[in-house]
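Below are the chains, spelled out letter by letter.
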Amino acid sequence: TISQVLADHLPAGWTVEGAASITKQRSIGFEYCTDYDIVMECIDTYDVVFIWHIREKRVEVIDLSAIPVTGEYLTTELNLRKIKYKGQTSNFATRLYAYGADGMTLETAVIGEAPNGDAIFYGKPYVEDYTYSDKLVIAIWKDERYTVPENLYEAALKRIHAMAAPVVSYTCDVLDLAKKDPRYSFLSFALHKKVTLIDADRGTRLV
């Protein structure tokens, strides 16, 4: 777990907050590395971000998948002064074949339990997502850091959901109303908050 990794590789005297609730288990492998390399590899491996409090020798671990949507939003009618849009589909796919260490596939991932107590296996070597398009577009992904089928299945689902729709990028020029007027305190922004962007021109809402 990330708690075990940080305990082994942070300098002496450092404390960790927020890692205990992250129970996913992953493998991190290097041929040559430093403790710093391993700690920073946790960001991608466990899908987290770090907030470093250097003077207190304290690090906050934020699980990106667990950040709640708290209601802040951006709209051209109120606090969005300028917006630029960019989209691309170069990595688009609707079916993803996933492989872990030693050729491990998704088929043996346990995804539930039958009424008689037997394990229910996923049974397929791929995951799919046709939310955006009904066309079959196949991609293959291999990551030998995964040694547990359930972890590979979880990661593959996340990856196909990201691949199955165009990648959209927004650049926003925002007016921070909460700092100017206490009546807009409900629109207070902070690092790592999930903010809703209302794109009136395209009729979409994004978090």
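Higher on the page you've got the structure.
Chemist: Looking at this model, I keep getting lost on the sheet that holds strand β6 (residues 95-99). Mind explaining?
Modeler: Strands belonging to one sheet form pairs held by backbone hydrogen bonds; the direction of such a pair is parallel or antiparallel. What the three strands build is an open sheet, ordered β9-β6-β10; its pairing is mixed. Of all the strands in the sheet, the pair left with one neighbour each is β9 (126-128) and β10 (138-142). Across this sheet, the average inter-strand angle for adjacent strands is 25°, counted without regard to direction. In this sheet, β9 lies alongside β6 in antiparallel orientation, the contact comprising three bridges. Across the sheet, residue Arg-95 finds its bridge partner in β9, namely Glu-128.

Chemist: Looking at this structure, how should I read the side chain of Thr-196?
Modeler: Tracing the backbone shows Thr-196 in strand β12 (residues 194-199). Beyond its immediate chain neighbours, meaning those up to four positions away, Thr-196 contacts Val-69, Glu-72, Tyr-73, Leu-74, Arg-205, Leu-206 and Val-207.

Chemist: Got a minute to help me understand the side chain of Glu-72 in this structure?
Modeler: Mapped onto the secondary structure, Glu-72 falls in strand β4 (residues 69-74). With relative accessibility at 6%, the residue Glu-72 sits in the buried group. Here the side chain of Glu-72 touches Thr-70 through a polar contact of 2.5 Å, side chain to side chain. Apart from residues no more than four positions distant in its own chain, Glu-72 is found in contact with Phe-186, Leu-187, Ser-188, Phe-189, Lys-193, Lys-194, Val-195 and Thr-196.

Chemist: Please explain the pattern of salt bridges as it appears in this structure.
Modeler: Two side chains bearing opposite charge may form a pair once their charged atoms approach each other closely. Applying the stated criterion across every chain yields a total of 12 salt bridges. A salt bridge links Glu-41 to Arg-145; the shortest N-O distance between them is 3.4 Å. One end of the pair, Glu-41, is in helix α2 (residues 35-45); the other, Arg-145, is in the loop between β10 and α3 (149-163), with 104 residues separating them in the sequence. Assessed through its relative accessible area of 24%, Glu-41 is described here as partly exposed. A relative accessible area of 26% means that Arg-145 is categorised as partly exposed. With its nearest N and O atoms 2.7 Å apart, the salt bridge here joins Arg-183 to Asp-181. Taking the relative accessible area as the measure of exposure, Arg-183 reaches 65% and is therefore exposed.

Definitions and limits used
- Residues numbered from 1 in each chain as written.
- Predicted model: local features only at pLDDT ≥ 70, side-chain atom pairs only at ≥ 80, totals over all residues.
- Heavy atoms only, no water.
- Pairing = 2+ DSSP bridges.
- Helix = DSSP H or I, 4+ residues; strand = E, 2+ residues; numbered from the N terminus.
- Axes fitted to C-alpha atoms, helices over the stretch in contact; angles between N-to-C directions.
- Contact = heavy atoms within 4.5 Å.
- Buried < 20%, exposed > 50% of the residue type's maximum accessible area, 1.4 Å probe, protein only.
- Polar contact = N/O pair within 3.5 Å; in protein donor to acceptor, adjacent residues only side chain to side chain.
- Salt bridge = Lys/Arg side-chain N within 4 Å of Asp/Glu carboxyl O.

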